[in-house]
Amino acid sequence: MSNRVVPPSLLRRGRHAWLSPRLWLRRVVLWMGAVLVGVVAIVFAMSAEYANSLHQGVTEFSPLLPFVVGPAGLALVVWLTRKFFSGSQGSGIPQTIAAINTENEERRGYYLSIRLALGKFLLTVLSLFSGASVGREGPTVQIGASIMQSLGRLTRFSRVETKRGLILAGGAAGVAAAFNTPLAGIVFAIEEMSRNYESRTSGTVLTSVIVAGIVSIWWLGDYTYFGTTSAILNGSSAWIPVIVCGVVGGVLGGIFSQLLIFISRGIPGKMGAFAKTNPIIFAAFCGFLLAVIGALSGSSTYGTGYHEARMILEGTGEIPESFGILKLLATLVSYVSGIPGGVFAPSLAVGAGLGQNIAQIIPYVPLGAVVVLGMVAYFAGVVQAPVTAFVIVMEMTDNHDMIVPLMAASLLAAGCSKVVCRRPLYRALADQFINEIPSKESKSEIRDQ
């Protein structure tokens, strides 16, 4: 074993780098950005829950009011989106991926900006008040990435890797703060947002996730997003629910993703032509459909699905057996309408509903175990990111005894999903954003920011 001596020049260079004002500026920007992302994510979460509770109050006051609030609210959201916040519609994760994969500063501003972050925040909250089946986690990713992107522009970082690292860190911090799942934030950044992950950005992502997670825990405490379950699988027959949930969740998740990709290219036929020429009226029609689905589900399909999934997992409350399928339809209609909002939480709620259905045909398995398997399987089928799926469900439910079954169901579901939908959802949507050429109006908006 040879004793290598570090040259004095390298030591001086290391000390110089440690004392570099530019390096410390980068660190301060990163820490400030992570704190800001954490605070905004928490305020966003609280606002979303308040909007959900307001809509619940409207529904309890009169079952007919959603037939007014839904169409009017979605029409208003689409009008505001097209008038003031063009580019904020949809999940927000595809836009973030597109921003990471482009070197054009003007196009990156088309995907991420403070204007879009503000629009994403306000319009998602308004959509939830209107009864849309959307989540706040995807929008939080775009908001976090927009904050980091804007701070990077203010400090005029020149290296492309640094700018991409800041965007990646902002998105990861958004996931960590939104769900209080720091490990899932890191895994999601590696597996989904940056397929070509570089080691030089790892410290940036880790630091951002840690800081944002600390802010979340300090403010809200160390909570679990979907509650807790201690259910486990025992015996050789324990693999039966893993296989059933993996196949059913993967196929349905793949079908849902394929439908979203297909619809994002334009609804075919007369309906598509009407939606293109009359987007506000079409959004109102979608709001009416959401009210119909909500009435059929006993008002359980409105909002993120967080409370319904928690009740199913913990075995409290009465959730209709049709919840899983109706929640899937409500999420699809919400996406078609053209409003901002993500599919993270609704997909996990759909998976919980599917798990509830599957548990009825496998009565010898604990309900909680089948529900978490349904959640991880359907979510993995939608996003085709199996590692992220099982990590995020494990952290959300605080059930570490189910790691191996969750991993198996997640991998099986992702494989089944690829048979139905060849390309991952977010990656396919991001490619569409990259291939689109912003209009002259959009370009002028970017220059005015």
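Because the structure is predicted, anything quoted here is derived from the model rather than measured.

Moving on, we come to the packing of helix α4 (residues 93–100) against helix α20 (residues 425–435). As a packed pair, α4 and α20 sit with axes 8 Å apart at the nearest point and diverge in direction by 60°. On the basis of their axis angle, the class for α4 and α20 is oblique. The chirality of how α4 crosses α20 is right-handed. On α20, the residues touching I93, P94, Q95, I97 and A98 of α4 are Y426, R427, L429, A430, F433 and I434. For the contact of α4 with α20, a count of residues per class yields nine nonpolar, one polar and one charged.

The next point concerns the environment of S347. Along the chain, S347 falls in helix α16 (residues 344–361). Between the C-alpha atom of S347 and that of G305, which follows or precedes it by 42 residues, the distance is 8.6 Å. If sequence neighbours within four positions are ignored, S347 has contacts with Y378, F379 and V382.

So, on to the pattern of salt bridges. Applying the stated criterion across every chain yields a total of one salt bridge. For the salt bridge of D431 with R423, the shortest nitrogen-to-oxygen distance reads 2.5 Å. Accessibility expressed as a relative area gives 22% for D431, which makes it partly exposed. Assessed through its relative accessible area of 40%, R423 is described here as partly exposed.

This part is about the packing of aromatic side chains. All chains considered together, the criterion is met by six aromatic pairs. Pairing Y110 with Y111 gives two aromatic rings, centres 5.6 Å apart and planes at 65°, and the pair type is edge-to-face. Y111 gets classed as buried once you look at its relative accessible area, which sits at 1%. Judged by centre distance (4.9 Å) and plane angle (70°), the rings of F344 and F379 are edge-to-face.

Parameters and conventions
- Residues numbered from 1 in each chain as written.
- Predicted model: local features only at pLDDT ≥ 70, side-chain atom pairs only at ≥ 80, totals over all residues.
- Heavy atoms only, no water.
- Axes fitted to C-alpha atoms, helices over the stretch in contact; angles between N-to-C directions.
- Helix = DSSP H or I, 4+ residues; strand = E, 2+ residues; numbered from the N terminus.
- Parallel < 35°, antiparallel > 145°, perpendicular 65-115°, else oblique.
- Left-handed = near helix turned anticlockwise from the far one by under 90°.
- Contact = heavy atoms within 4.5 Å.
- Nonpolar A, V, L, I, M, F, W, Y, C, P; charged D, E, K, R; others polar.
- Salt bridge = Lys/Arg side-chain N within 4 Å of Asp/Glu carboxyl O.
- Buried < 20%, exposed > 50% of the residue type's maximum accessible area, 1.4 Å probe, protein only.
- Phe/Tyr/Trp six-rings, centres within 6.5 Å; stacked < 30°, edge-to-face > 60°.

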